[in-house]
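Structural overview
In case you want the letters, here they are:
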Amino acid sequence: MDASSIKSVDGLVDACKKLQKVNGVTHAIAMAKENYFAFIHPFNWGLAVSNDYSNQIKQLERGKISFSNIPTVSQFMKDLDKILPYTNQALDSYDDQISGFAGGKYAMIHQGDWAQSMLDQDKISFDYGMIAFPTGGNTKLSVDISDAWRVNKYATADQQKAAKDFLDWLLTSDKGQTYCADTFQFISSLKGMKSSSSKLGEIVSNAVQSSNTVPWVFNTSSFPNGIDVDGASLMQKYYAKVINSDEFMDQLTQTWRNDATK
Amino acid sequence: MKPHALHKNLYFWLFLIPALFFFINVVIIPFILGIVYSFTNWNGFQFLNSKFIGTYNYKQAFSDKAFLSSMGLTFEYAIITVILVNIIGFFLALLVTRKFKSSHALRAVFFMPNLIGGLLLGFIWQFIFSKFMVFIGQSLKISSLSFNWLNEPNSAFWSLVIVSTWQMAGYVMIIYIAGLQSIPRDVLEAAQIDGANSMQRLRHIVLPLMMPSFTVNLFIVLSNAFKQYDTNLSLTNGGPYGTTQLLAMNIYQTAFSHNNYAVAQAKAVIFFLIIMVVTLLQVHFTSKREVEA
């Protein structure tokens, strides 16, 4: 299957139909059930491909609009409706999702380059890679900074200098860069730095180098505290077909406003 | 004071002070602080700039739908668990106090689930309810059983009840055994001579004399059921879309996921008051029915 031919959700649905006919595949797409994997990462697509997400979220929190009024979110939910019959309804744990992928039960999984170490443990014999979720024709991977290191301004002057020296060594020296790229599998954030050598890491690095990415909206302070728990709960209801995508967007709007006003 | 009396007093305090020190620091002081914090807008970190805001947090807590539904669910869960655990524990105790060869070994076997911590128990049973049930159902071709019990709200609730019952039945069985063995033999023999069969002996002699054991067991199971968290976390983690979220889990999430420490503290105070009232009522009513032989 040529992954680069999947440029729209309809193309994805066609691919799912073909893949489900393959021997051993139980579901074409698998999501994991943990909060971040079931809700935060997938739902991020709806907001990340919008070019005005922080304003839209602010308006939503002030009660002026709801999620169904945000075109990219409503498009994302329609896309999710289309692929829903081919998913595992986010009923598997992270472990089961990865081992299912390695064992050929799931043709595609919604994950990131952090899953590389688990995939390596499963000794995969086939070729695999990453594509972006093609909501509304999107082809950009969602990449962002997952953690940041700060020098403590309350430390002594010597300690602060030592910390800065360490960071310089980590990013510029050969040994430091080897640690970053090979041991930690970090994607390089600066030009000229060695980047992760893993299979998935290389794909992400290329996307970053060519600026072919969309951000992690949940990384900004736009997502309210507690939405990972509440949103995941609603997402599971949606997957279990207890509520449909319109009800999901309404209830999520209510819950979001609730969590944001605490 | 005489030297001997002073000596005794000294040892009394020497043994008491370490335990009292820990108790005051780990239980009493945080408890009082918690009640104070629940009336302020404490942000969970520095208390320095928190303002006194009266009962605002309590109003927030009572208007939180998830809190109220967790409360209802916890009451349901506690009542069902108390009844099941005590019935099963009592019958197990009756069984192992009969005179047969393996009665002592059976006592150990029935008690063992209690030794496994709730968290580990949840993980083991999670495997059983999700993968093993599907396997059994498919092998025996019983389609009504072969689904993942943790994916439906109803069966997830009952799997939580089953695991708690499995864990606590052995513990209450031990207390019932002690209670059964303390019934004076002559009263039972006198009743037997007078013509009472075993059911009548059970109803009119054994049960009334066992009331102290009932008081203790009902209290223990009731307070443990209300405080249930670790098995809830590892077995269902709030279950399919938040339908098996018990009170302790709701309070934990309000504090650490929603970052709402002051409201969580208010919920915790309400939680304490509920458990205190329920268990005090229970002990009062069952103590009144205790009789002497």
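The structure presented is a predicted model; accordingly, all values stated were derived computationally and were not measured.

It is worth spelling out the domain arrangement of chain A at this point. All names here are of chain A. In terms of domains, chain A is made up of domain 1 (3–143 + 213–260) and domain 2 (157–209). Spacing between the C-alpha centres of domain 1 and domain 2 amounts to 29 Å. Across the contact, 7 residues belong to domain 1 and 9 residues belong to domain 2. Looking at the side of domain 1 that touches domain 2 residue by residue, the classes come out as 3 nonpolar, 3 polar and 1 charged.

Here we take up the interface of chain B and chain A. Contacts between chain B and chain A engage 9 residues on the former and 11 residues on the latter. The class makeup of the residues in the side of chain B that touches chain A is 2 nonpolar, 7 polar and no charged.

Next up on the list: the packing of helix H2 (residues 35–48) of chain A against helix H10 (residues 227–239) of chain A. All names here are of chain A. Where H2 meets H10, the closest approach of the two axes is 8 Å, and the angle between their N-to-C directions is 90 degrees. It follows from the interaxial angle that H2 and H10 lie roughly perpendicular. Contacts from Asn35, Tyr36, Ala38, Phe39, Ile40 and Phe43 in H2 reach Asp228, Val229, Gly231, Ala232, Met235 and Gln236 in H10. Split into classes, the residues belonging to the contact of H2 with H10 amount to 8 nonpolar, 3 polar and 1 charged.

To continue, consider the environment of Thr165 of chain B. Residues and elements named next belong to chain B. Within the secondary structure, Thr165 sits in helix H6 (residues 153–181). Looking at Thr165, the number of C-beta atoms within 10 Å reads 21, which means it is buried. Sequence separation of Thr165 and Ala268 is 103 residues, and the distance between their C-alpha atoms is 25 Å. Not counting the four nearest positions on each side in its chain, Thr165 is found in contact with Thr81, Leu84, Val85 and Ile88.

Calculation notes
- Residues numbered from 1 in each chain as written.
- Chains lettered and ligands numbered in written order.
- Predicted model: local features only at pLDDT ≥ 70, side-chain atom pairs only at ≥ 80, totals over all residues.
- Domains from an automatic or database assignment.
- Contact = placed C-beta atoms within 7 Å.
- Nonpolar A, V, L, I, M, F, W, Y, C, P; charged D, E, K, R; others polar.
- Axes fitted to C-alpha atoms, helices over the stretch in contact; angles between N-to-C directions.
- Helix = DSSP H or I, 4+ residues; strand = E, 2+ residues; numbered from the N terminus.
- Parallel < 35°, antiparallel > 145°, perpendicular 65-115°, else oblique.
- Buried ≥ 20, exposed ≤ 12 C-beta atoms within 10 Å, placed from the backbone.

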